[in-house]
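Observations on the three-dimensional arrangement
Single-letter residue listing:
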Amino acid sequence: MSLSVNTNQPALIALQNLNKTNDDMQSVQTHINTGQSISTAKDNAAVWSIAQQQRADMSALGAVKMSLDRATSISDVALAAGESVSDLLKTMREKVVAAKDTSLTTSSRQSLNADFQGLLKNLQQVVSSAVFDGANLLDGSQAADMTFLADADAAQAITLTLQNLSLGGTINTLTATDDILTPTNAAAVLTRLDATMTSVNQAVGNIGTQSKQIEAHNSFVSKLNDVLETGVGNLVDADLAKESARLQALQVKQQLGAQALSIANGAPQIILSLFKGA
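These numbers were taken from a predicted model, which means no experiment stands behind them.

Rules used throughout
Residues numbered from 1 in each chain as written. Predicted model: local features only at pLDDT ≥ 70, side-chain atom pairs only at ≥ 80, totals over all residues. Heavy atoms only, no water. Helix = DSSP H or I, 4+ residues; strand = E, 2+ residues; numbered from the N terminus. Rg over C-alpha atoms; globule rule 2.2 N^0.38 Å. Buried < 20%, exposed > 50% of the residue type's maximum accessible area, 1.4 Å probe, protein only. Contact = heavy atoms within 4.5 Å. Areas by Shrake-Rupley, 256 points an atom, 1.4 Å probe, with all protein chains shown as cover. Lys, Arg positive; Asp, Glu negative; His and termini not counted. Charge placed at Lys NZ, Arg CZ, Asp CG, Glu CD. Pairing = 2+ DSSP bridges. Salt bridge = Lys/Arg side-chain N within 4 Å of Asp/Glu carboxyl O. Expected span 1.5 Å × (residues − 1). Axes fitted to C-alpha atoms, helices over the stretch in contact; angles between N-to-C directions. Parallel < 35°, antiparallel > 145°, perpendicular 65-115°, else oblique. Left-handed = near helix turned anticlockwise from the far one by under 90°. Nonpolar A, V, L, I, M, F, W, Y, C, P; charged D, E, K, R; others polar. Core = buried A, V, L, I, M, F, W, Y, C linked by side-chain atoms within 4.5 Å.

1. Topic: the overall build of the protein
Helix and strand counts for the protein stand at six helices and two strands. Along the protein, from the amino end to the carboxyl end, the secondary structure elements read α-α-α-β-β-α-α-α. Here the C-alpha atoms of the protein give a radius of gyration of 40 Å, more than 25% beyond the 19 Å that 2.2 N^0.38 yields for 278 residues. Here the C-alpha coordinates of the protein stretch approximately 145 × 30 × 25 Å along the principal axes. Residues classed as buried in the protein amount to 32% of the 278 residues present. Residue pairs in contact within the protein that sit at least 24 positions apart in sequence constitute 74% of those at least 6 positions apart. When the accessible surface of the protein is summed, it comes to about 15700 Å², and 54% of that surface belongs to carbon and sulfur atoms. Charged side chains of the protein number 18 positive and 25 negative; the gap between the two group centres comes to 5 Å.

Listed below in structure tokens is the structure:
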């Protein structure tokens, strides 16, 4: 190879290698800084696109979980109120059965009726108070059954069925005007009360079943989100142990490259020695 002051091929080669090493170091440092081996589409367009799609699904599942959490709260409130209504009906039955006793005095019968009327009012208060975020499954205020998101595409839904436990409804046939001031009235009320207790318990059971379904699906959505997150990590996360080893090797390679470039740059100095005697 001839010596020239115009072209220094070894220096050019050494510079190319040093630039390549510097680019590799920058890439490794990016992997370490982000924790990802693929953080942009430039790194690997196909894998980056897949990861972005999965991230979109994860974001959508966040909305699904929020919807299911709201459904859980609404059903829990309705369930608590429904169980209270069932307990009140049991207490009312005790009063009604006692009022069928023909030997009761007028004063005692009036006291039983007062207790019965108080329980009716309490029942209606419980039903009207079973509200969460403006939704009440028990008082007939909702126009239709409530549906909640079940998947990331909003293609499926979970439903909470309305259960109207208000007085005078199809489930609770008791009315605010009922009284047990006579054995005859008490007998008539008892017939409807027994039917109401059966219907109310069935309605509360339906709420409990749907609440359990929502809870199970909410748990599944949480697990699915975790699996998707792990899957995205498998695609794009960097192996930091390997990156650390690569960084160490590149640092040494960078130092050697700089030294090689320094030696190559010194080669033209040899030409000066050829002209010292001139």
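2. Side note on the side chain of S166
Structurally, S166 is set in the loop between β2 (157–160) and α4 (183–236). Overall, the relative accessible area of 10% leaves S166 in the buried class. Setting aside residues up to four positions removed in sequence, S166 forms contacts with Q124, V127, L138, D139 and N172.

3. Brief notes about the pairing of β2
Only one face of β2 is covered, namely the face carrying I158 and L160; the face carrying A157 and T159 is uncovered. Alignment of strand β1 (residues 146–149) against β2, held across four bridges, turns out to be antiparallel. The residue of β2 that forms the bridge with F148 is I158.

4. Side note on the environment of Q251
For Q251, the location among the structural elements is in helix α5 (residues 240–266). Measuring from C-alpha to C-alpha, the distance between Q251 and N122 comes to 78 Å, with 129 residues separating the pair along the chain.

5. Overview of the pattern of salt bridges
Tallying each qualifying case throughout the model produces seven salt bridges. Put simply, K95 and D115 hold a salt bridge, and the shortest N to O gap is 3.6 Å. With a gap of 20 residues between them, K95 in helix α2 (residues 45–99) and D115 in helix α3 (residues 106–129) connect regions that are remote in the sequence.

6. A short note on helix α1 (residues 9–34)
Its 26 residues give α1 an end-to-end C-alpha distance of 38 Å, which sits within 8% of 38 Å, the value for a rise of 1.5 Å per residue. Along α1, the residues classified as buried are A11, A14, L18, T21, D24, M25, V28 and H31. Where α1 is buried, its residues contact α5. Trailing α1 by a residue or two, G35 shows a phi angle of about 75 degrees, which is positive.

7. Examining the side chain of Q163
Mapped onto the elements, Q163 comes out in the loop between β2 and α4. Setting aside chain neighbours within four positions, we find Q163 in contact with L137, L138, I171, A203, N206 and I207.

8. Points about the packing of α2 against α4
Two numbers describe how α2 lies on α4: the axes approach to 6 Å, and their chain directions differ by 160 degrees. With respect to their mutual orientation, α2 and α4 come out roughly antiparallel. In this structure, the crossing between α2 and α4 has a hand that is left-handed. Residues that form the contact of α2 with α4 fall into these classes: 32 nonpolar, 13 polar and ten charged.

9. Quick look at the nonpolar core
Core analysis: the biggest nonpolar cluster contains 53 residues, and L89, M92 and L138 have the highest contact counts within it. Contributing elements (two or more residues each) for this core: α2, α3, β1, β2 and α4. No other element matches the 17 residues that α2 contributes to this core. Not counting chain neighbours up to four residues away, the residues in contact with L89 comprise L123, L174, L193, T196, M197 and V200. Core analysis: the second largest hydrophobic core is formed by five residues, A11, A14, L18 and L261 among them.

10. Focus: α3
Look at α3: 34 Å from first C-alpha to last across 24 residues, which is about the 34 Å you get at 1.5 Å a residue. For α3, the secondary structure elements touched by its buried residues are α2 and α4.

11. Considerations on unusual backbone geometry
A positive phi angle, near 55 degrees, is found at D133, a position not held by glycine. Counting through the fold element by element, D133 comes out in the loop between α3 and β1. For D133, a relative accessible area of 53% translates into the label exposed. A positive phi angle, near 60 degrees, is found at A154, a position not held by glycine. Given the relative accessible area of 51%, A154 is considered exposed.

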